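Geometric and topological summary
Spelled out, the chains give:
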Amino acid sequence: MSRSGGGGRRPDSRHDQPTQAPAPPFQRGTDRGSHYGSGAAPSSSHAASTSTAPAPSSPSISASAPSSSSVSTLVEETEQKLTLAALAAATPPPSSSQAVGFPVRPGFGTVGRKCVVRANHFMVQLAERDIHHYDVSITPWVTSRKINRQIISQLINLYRLTDLGERIPAYDGMKSIYTAGPLPFESKEFIINLPDSDPRPSSSTRLRERQFRVVIRLASKPDLYTLQQFLRRRHFEAPYEVIQVLAVVLRAAPSEKHTVVGRSFFSTDLGPMGQLGDGVEYWRGYFQSLRPTQMGLSLNIDVSASSFYEPILVTEFVQNYCRDLSHPLSDEVRLKVKKALKGIKVVLTHREYNNSHKITGISSQPMSQLMFTDDSATRMSVIQYFRERYNIALQFTSLPALVAGSEARPIYLPMELSRIVAGQRYAKRLNERQMARANAYNEDTLVNKEFGIQVADDLTSVDARILPAPMLKYHETGREASVNPGFGQWNMINKKMFNGGRVEVWTCVNFSTRLNRDVAFQFCQGLVDMCNSKGMVFNLRPVIPISSSNPNQIEKALVDVHNRTTQQGKQLQLLIIILPDVSGSYGRIKRVCETELGIVSQCCQPRQASRLNMQYFENVALKINVKVGGRNTVLVDAVQKRIPLVTDRPTIIFGADVTHPQPGEDSSPSIAAVVASMDWPEVAKYRGLVSAQAHHEEIIQDLYKSIQDPQRGFVHGGMIRMLLMLFHLCARDGVGERQFSQVLLHEMNAIRQACASLEEGYAPPVTFVVVQKRCRTRLFPAENNRCDLTDRSGNILPGTVVDTEICHPTEFDFYLNSHAAIQGTSRPTRYHVLYDENRFTADGLQVLTNNLCYTYARCTRSVSVVPPAYYAYLAAFRARYYIEDETSAGGSTDGNRSTAERNLAIRPLPVIKDNVKDVMFYC
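Everything numeric here is computed off the predicted structure, so don't read it as measured data. (Residues numbered from 1 in each chain as written. Predicted model: local features only at pLDDT ≥ 70, side-chain atom pairs only at ≥ 80, totals over all residues. Heavy atoms only, no water.)

1. Considering the overall build of the protein chain
From N to C terminus, the protein chain includes 21 helices and 44 strands. Taken over 923 residues, the protein chain has a buried fraction of 58%. (Helix = DSSP H or I, 4+ residues; strand = E, 2+ residues; numbered from the N terminus. Buried < 20%, exposed > 50% of the residue type's maximum accessible area, 1.4 Å probe, protein only.)

Here's what the structure looks like:
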């Protein structure tokens, strides 16, 4: 199953528009993972594979023969096997008994043409140091890392030469400091006075100071020797505590100079800023991560950019939503403004001191009507308060006030006197020279002299291979029955789809007011002709006449089309929809069609439809074919059963993904999706299921479930089980490295239980691979002018794979650049095998993964992520449309709600109609 993380906006291609090779966006900054495989319970997007005979058929949720005890005992057995079996192939070095063992690398790949690439990894050398870890307690407690750093910086300045024994500590901004040797004490208390950045006016000319009590206590002594043993492959468990110490040291200086966002640093000094509109700008910055590799420690640096709020008056910000501020905001605009401003810090411009306030909301009344009770119990308006207290006549009295403070003691702030604080991230590619510029650690006293860390100045040269593209099979009746793609792309000229779908009952509804009926008719005629020319069997005549409908009555129009079709005793196989001219209705159309009416639809933008472009017709035809049950192309090796461990035995490839709501959408659930191939041995047609789960829950909860029913007894269900009853293979996406063990234990248990619930003893071999789409490694050609090593955009060639120097010291992982970048620097995907009962070779898994990337249904290009994971991502984002109107219209909810409260609010997704689920409706 393939799993993908990250919420965020859908890509522009979401409106069923064909794209050349859309890459799924992922919003979170951490590395995410997915996996794919072959056989009876693998997940796709990475290589998880299982091989098995077809599972016995049974209803999707059924009281099956295996007892509850026989299924539940699999949990302990699977956990034990996951912990021990992965290391059985080799004599294991010492390792923690608590650790989950991942498969060791089975060797290195040899297939493909050898080459050298450069990676944005800088090798790190360590000197012998006696590392000490100290706990830090600051009273009163401070949540701001920035203020914490100011406190510790002041402490170091005052006491470095005395109480600290001339040590320079590295501070993580919260509760830990690290030193390159012992401090003269095991526990000590310090009193630090910090100038108040928000002083109140007083008769004293001196600035008021804040006093903090800082207690430093010895916590542990991280041992560099364990890291050295791990890097020498004499210890299997990565010493994350030691790596964390070194990461804190390398982050110390940039954390003081720049704005920190996760593991990235941003500043107006790191490059030119840019305007994004709506009161948002972007800043340049860079990401860094310290990681163990086969060559030793590596510092991965990737330059990036992030969005920040512009430091402007709130009234200027609000003008992005409403130009006329002299009238009250409409309810719709007020909700948008409330959602956009919630959580932002502002400072008041009418006061001498720089006191910041965090916005919790905006008032429901305009300031002209807003009353409050002051400290003297006098009832007055906000306007009156500012006139009497500060002699300020507020200008925009029709606007609501910003609300800060607590619910019990709200603080009302006029928008026109509130300025947004600079450097607040708006949550809701670089060349080699720029990356190297971020690496200035050898000039850092703390890094270089105190801790003895040396960081190489140049990017790392890495041995790589370029895998050959697979042969693709098309229908024999075409002039070209097969193709060998070059540079990761090909076209449909002289080719016909491998399996052309049949469309007998169809029609079109046009919601665009700019397209007249004649243009809509010409568009449909051109599209139908293209479908037929590419091998489909498409009825030339619509079941009911092509119609134009009011874009303000979309649901009524869809129901009317459905009713008119069913009155003729026919079921609509395909509804072509020309979208309204104004965006915003796509999600509603998909929800109504797929969960209420059972209609498979193809949406088209009116701008594209009016052009009557042949290339557009061809791209849309590819999507229509898989939506009506066809297949566009398959691998020649799959047809001829020449794919080891996949075509040898009946195998299913699963893909799984989890998408999360946008930042601030506290009321929305996360959505999990699982897809599974249904057409062994070709493995090109995937059925998808979706499920809602707890807000930001990363582990898929609904893979397998069982309940005790009073009438039916022990009842089994879950997405994996429902798909296993049809056929099996598994891929997983959206997993960070620190979650590998947790995800593997939970989801492998679910897979095993699902298999056992179908038939006693049914346990097909599984390979579980995590796909990390958002890895920050970049690969560059070692020689830019060689056409045999670069594509036309100057990127490395599709099929470039790396499994040596910069990969994990012992575990089975590799980087694969399977696509040709349309623009910018191509980003490889990292594949990490967490479980492998099929014993893939390095070549076997790498070639399989690369070849599958050429079978993506929506375009004639290889894609950057293995298709099962990609399809799961598409299915999960499609399902978010089903609940979007319900959870997003009212803005974000109280951010103080507990996780338990949010989880109680989870409602099941609307059920997708069976005829829709049976095809690749999400494409």
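Past the structure itself, the notes keep going.
2. A closer look at the sheet that holds strand β31 (residues 574-578)
By way of backbone hydrogen bonds, the strands of a sheet pair with one another, either parallel or antiparallel. Taken together, four strands build an open sheet; the order of strands is β30-β28-β31-β32 and the sheet is parallel. Two strands lie at the open edges of the sheet, namely β30 (547-548) and β32 (601-604), each paired on one side alone. In this structure, strand β28 (residues 506-510) lies alongside β30, joined through two bridges in parallel fashion. Bridging across to β30, Val509 finds its partner in Ser547. (Pairing = 2+ DSSP bridges.)

3. A few points about the packing of aromatic side chains
Inspection of the entire model under this criterion finds 25 aromatic pairs. Seen from their ring centres, Tyr871 and Tyr922 are 5.8 Å apart, and the 45° between their planes marks the pair as tilted. Of the two residues, Tyr871 sits in helix α19 (residues 867-888) while Tyr922 sits in the segment after α21 (914-917), which places them 51 residues apart along the sequence. Judged on exposure class, the residue Tyr871 and its partner Tyr922 are both buried. (Phe/Tyr/Trp six-rings, centres within 6.5 Å; stacked < 30°, edge-to-face > 60°.)

4. A few points about the confidence of the model for the protein chain
On average, residues of the protein chain score 83 in pLDDT, and 80% of them reach the 70 mark or higher. Contacts from residues 38-65, a stretch scored under 50 in pLDDT, to residues over four places away or in other chains number 201 contacts. Note that residues 725-729 has pLDDT below 50 and, in this model, 47 contacts with residues that lie over four places away or in other chains. (pLDDT = per-residue confidence, 0-100. Contact = heavy atoms within 4.5 Å.)

5. Quick word on empty space enclosed by the protein
By rolling a water-sized probe across the atoms, one finds the places where empty space is left. Considered as a void within the structure, the second largest cavity measures approximately 100 Å³ in volume. Along its surface, the second largest cavity is lined by 13 residues, and Asn632, Thr633, Thr855, Tyr856 and Ala857 are the ones closest to its centre. Classifying every residue of the lining of the second largest cavity gives eight nonpolar, four polar and one charged. (1 Å grid on protein atoms, 1.4 Å probe; cavity = no way out; pocket = protein on both sides within 12 Å on 5 of 7 lines; lining within 4 Å. Points joined across faces, edges and corners; volume = space filled by probe spheres on them. Nonpolar A, V, L, I, M, F, W, Y, C, P; charged D, E, K, R; others polar.)

6. Re unusual backbone geometry
Cis geometry marks the peptide bond from Thr139 to Pro140, where omega comes out at 0°. With respect to the helices and strands, the residue Pro140 is situated in the loop between β5 (132-139) and α2 (145-159). Trp680 connects to Pro681 through a cis peptide bond whose omega is 10°. Along the chain, the position of Pro681 falls in the loop between β35 (670-677) and β36 (686-693). Of note, Arg839 is a non-glycine position whose phi angle comes to about 55°, a positive value. Looking at the element boundaries, Arg839 is found in the loop between β44 (829-836) and α18 (842-852). Among the residues examined, Arg839 registers a relative accessible area of 64% and is labelled exposed.

7. Looking at the sheet that holds strand β26 (residues 482-483)
Taken together, three strands build an open sheet; the order of strands is β26-β25-β33 and the sheet is antiparallel. Each edge of the open sheet is held by one strand with a lone partner, namely β26 and β33 (634-635). For strand β25 (residues 472-473) and β33, the ladder comprises two bridges, and the chain directions are antiparallel. When the bridges of β33 are listed, Lys473 appears paired with Val634.

8. Remarks on the packing of helix α3 (residues 224-231) against helix α4 (residues 240-257)
Helix-helix packing is characterised by the crossing angle of the two axes and by the distance between the axes. α4 packs onto α3 with a crossing angle of 105° between their chain directions and a minimal axis gap of 8 Å. Relative to α4, α3 is oriented roughly perpendicular. Judged by residue contacts, Leu224, Thr226 and Leu227 of α3 engage Val242, Ile243 and Leu246 from α4. Classifying every residue of the contact of α3 with α4 by side-chain character gives five nonpolar, one polar and no charged. (Axes fitted to C-alpha atoms, helices over the stretch in contact; angles between N-to-C directions. Parallel < 35°, antiparallel > 145°, perpendicular 65-115°, else oblique.)

9. Some remarks on the side chain of Arg880
Secondary-structure assignment places Arg880 in helix α19. A distance of 3.2 Å separates a polar atom in the side chain of Arg880 from the backbone oxygen of Thr659. (Polar contact = N/O pair within 3.5 Å; in protein donor to acceptor, adjacent residues only side chain to side chain.)

10. Comments concerning the environment of Thr378
Along the polypeptide, Thr378 turns up in the loop between β18 (371-373) and β19 (379-381). Judged by relative accessible area, Thr378 falls into the partly exposed class, the value being 35%. Thr378 has contacts with Phe372 and Thr373, leaving out every residue within four places of it along the chain. Polar contacts involving the side chain of Thr378 include one to the side chain of Ser376, which spans 3.1 Å.

11. Some points on the nonpolar core
Among the nonpolar cores identified, the biggest contains 90 residues, and Trp506, Phe523, Phe538, Tyr871 and Tyr922 are the most heavily contacted of them. Looking at this core, the element that brings in the most residues is α19, giving twelve residues. Leaving out residues up to four positions away in the same chain, Phe523 has contacts with Ile576, Ile578, Cys604, Ala609, Leu612, Tyr616 and Phe617. (Core = buried A, V, L, I, M, F, W, Y, C linked by side-chain atoms within 4.5 Å.)

12. Quick notes on the state of the cysteines
In the structure shown here, the tally under the stated rule is zero disulfides. With no disulfide of its own, Cys603 lies closest to Cys593 among cysteine sulfurs, the gap being 7.0 Å. According to the relative accessible area criterion, Cys603 is buried, its value standing at 0%. (Disulfide = S-S within 2.5 Å.)

13. Regarding helix α17 (residues 740-758)
Counted at 1.5 Å a residue, the expected span for α17 with its 19 residues is 27 Å, and the 27 Å between its end C-alpha atoms agrees. With 15 of its 19 residues buried, α17 lies for the most part within the structure. (Expected span 1.5 Å × (residues − 1).)

14. Regarding the pattern of salt bridges
A complete count under the given rule lists 24 salt bridges for this structure. When the shortest N-O distance is used, the salt bridge between Glu837 and Arg752 registers 2.4 Å. One end of the pair, Glu837, is in the loop between β44 and α18; the other, Arg752, is in helix α17, with 85 residues separating them in the sequence. The exposure class assigned to Arg752 is buried, which follows from its relative accessible area of 8%. Across the pair Asp914 and Lys917 runs a salt bridge whose closest N-O atoms are separated by 3.5 Å. Pair noted here: Asp914 and Lys917 are both in helix α21, with a separation of three residues, about one helical turn. (Salt bridge = Lys/Arg side-chain N within 4 Å of Asp/Glu carboxyl O.)

15. Regarding the packing of helix α11 (residues 554-566) against helix α12 (residues 586-597)
Contact pair α11 / α12: the axes reach a minimum separation of 10 Å and the direction vectors enclose 35°. α11 and α12 meet at a crossing whose hand is right-handed. Listed contacts from α12 to Ile554, Glu555, Leu558, Val559 and His562 of α11 are Arg588, Ile589, Arg591, Val592, Cys593 and Leu597. (Left-handed = near helix turned anticlockwise from the far one by under 90°.)

16. Overview of the environment of Ile177
With respect to the helices, strands and loops of the structure, Ile177 is situated in strand β7 (residues 176-179). Take Ile177: its relative accessible area is 2%, and that puts it in the buried class. Separated by 25 residues in sequence, Ile177 and Ile152 place their C-alpha atoms 9.4 Å apart. Residue contacts for Ile177: discarding those within four places in its chain leaves His132, His133, Tyr134, Val136, Pro169, Ala170, Tyr171 and Ile216.

17. What to know about the pairing of strand β15 (residues 345-348)
Sheet faces and side chains relate simply in a regular strand, where the side chains alternate between the two faces. Alignment of β15 against strand β16 (residues 356-358), held across three bridges, turns out to be antiparallel. Paired with Val346 across the strands is His357, a residue of β16. The sheet contact formed by β15 and strand β22 (residues 418-420) spans three bridges and is antiparallel. Residue pairing in the sheet places Val346 in a bridge with Ile420 of β22.

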